[in-house]
Amino acid sequence: MVVKVHGPAFASATRRVLACLIEKGIDYEIVPLDMLNGAHKDPEFLKLQPFGVVPVIEDGDFTLYESRAIIRYYAEKYKSEGTELLGKTVEERGLVEQWLEVEGQNYHPPIYNLVVHLKFFPKMGVPVDMKLVEESEEKLAKVLDIYEERLSKSKYLAGDFFSLADLSHLPFTQYLVNDIGKDYMIRDRKHVSAWWDDISSRPSWNKVLQL
């Protein structure tokens, strides 16, 4: 069965889901959504996602939204297919979940602020809050220092295997390194830099970037 992915392929959260589907070898169809013209607030879309954000997947009769929930779902549903993204033991699974939470709660908020204010607001003509940018960079730097320590002891965040914990960092770190002039935040940390080069060179991510 082909999974329907509602949302533009360039959207960060959609990219997170697509990377997971490709890693697992799951067939998918992207259902375009013209967000610039408000299609995500259309009543028909709101039936699928009442909060009006992307992505949403339709897997047969099953509908699911929130990108981190979606990647967990597919990593579990197709656990024995494609790349093992959850770990092989209960302990490994626990570490995957731990670092997924770290990404969502500690890493994502400051990097989101940096990307939105430095990449998107200027294009939209929205004033940039430089105080918030400075505060967010300070917060992200502290998080990355913890990552540097962790990655000095293991190749990936949850251990010596690529997992959802690493995959979930791909969309916004891509912007950080390539689009907003903050690549030094990754490159100044030896182990974080090596980790980023590794995960961002995966065929699945390269394919997502070409969509």
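About the criteria used
- Residues numbered from 1 in each chain as written.
- Predicted model: local features only at pLDDT ≥ 70, side-chain atom pairs only at ≥ 80, totals over all residues.
- Heavy atoms only, no water.
- Pairing = 2+ DSSP bridges.
- Helix = DSSP H or I, 4+ residues; strand = E, 2+ residues; numbered from the N terminus.
- Axes fitted to C-alpha atoms, helices over the stretch in contact; angles between N-to-C directions.
- Contact = heavy atoms within 4.5 Å.
- Buried < 20%, exposed > 50% of the residue type's maximum accessible area, 1.4 Å probe, protein only.
- Arc of directions from axis to C-beta.
- Polar contact = N/O pair within 3.5 Å; in protein donor to acceptor, adjacent residues only side chain to side chain.
- UniProt positions renumbered as here; feature names shortened; annotations may be inferred.
- Phe/Tyr/Trp six-rings, centres within 6.5 Å; stacked < 30°, edge-to-face > 60°.

The strand order 2-1-3-4 describes an open sheet built from four strands, whose pairing is mixed. Every other strand in the sheet has two partners, leaving strand 2 (28-31) and strand 4 (62-65) as the edge strands with one partner each. Taking the axes of each pair of neighbouring strands and ignoring which way they run, one obtains an average angle of 20° across the sheet. The pairing of strand 1 (residues 3-6) with strand 3 (residues 56-59) spans three bridges and is classified as antiparallel. Bridging across to strand 3, Val-5 finds its partner in Ile-57. Its contacts with the sheet put helix 1 (residues 12-24) on strand 1, strand 2 and strand 3, and the angle it makes with strand 2 is roughly 165°. Of the strands in this sheet, strand 1, strand 3 and strand 4 are in contact with helix 3 (residues 67-77), which crosses strand 4 at around 130°.

With that settled, consider helix 9 (residues 190-200). For the α-helix, the turn length of 3.6 residues means that residues three or four positions removed from each other point alike. All of the buried residues along helix 9 are Val-192, Ser-193, Trp-195, Trp-196, Ile-199 and Ser-200. Looking straight down helix 9, one finds that the buried residues subtend no more than 160° of arc, so they occupy a single side. Against helix 5 (130-151), helix 6 (164-167), helix 7 (170-178), helix 8 (184-187) and helix 10 (203-210) lie the buried residues of helix 9.

For Arg-16, the position within the fold is in helix 1. You can call Arg-16 buried: its relative accessible area is 3%. Side chain to side chain, Arg-16 and Ser-67 meet in a polar contact 2.9 Å long.

Using the residue numbers shown here, the UniProt feature "domain: GST C-terminal" (unreviewed entry) corresponds to residues 89-211. Helix makes up 76% of residues 89-211 and strand 0%, with an end-to-end C-alpha separation of 34 Å.

This part is about the packing of aromatic side chains. Applying the stated criterion across every chain, the model contains 11 aromatic pairs. Each ring, one from Phe-120 and one from Tyr-175, has its centre 5.8 Å from the other, and the planes form 85°; the classification is edge-to-face. Of this pair, Phe-120 sits in helix 4 (residues 90-124) while Tyr-175 sits in helix 7; the two residues are 55 residues apart in sequence, bridging distant segments of the chain. Given the relative accessible area of 30%, Phe-120 is considered partly exposed.

Next up on the list: the pairing of strand 4. As paired elements, strand 3 and strand 4 share four bridges and run antiparallel to each other. Bridge pairing links Glu-58 to Thr-63 in strand 4. Counting the residues in the hairpin turn of strand 3 and strand 4 gives two residues, including Gly-60, whose phi is positive at 70°.

What follows is about unusual backbone geometry. In this structure, Pro-55 follows Val-54 across a cis peptide bond, with omega equal to 0°. Structurally, Pro-55 can be placed in the loop between helix 2 (43-48) and strand 3. Here Glu-66, not a glycine, exhibits a phi torsion of approximately 80°, which is positive. On the secondary structure map, Glu-66 appears in the loop between strand 4 and helix 3.

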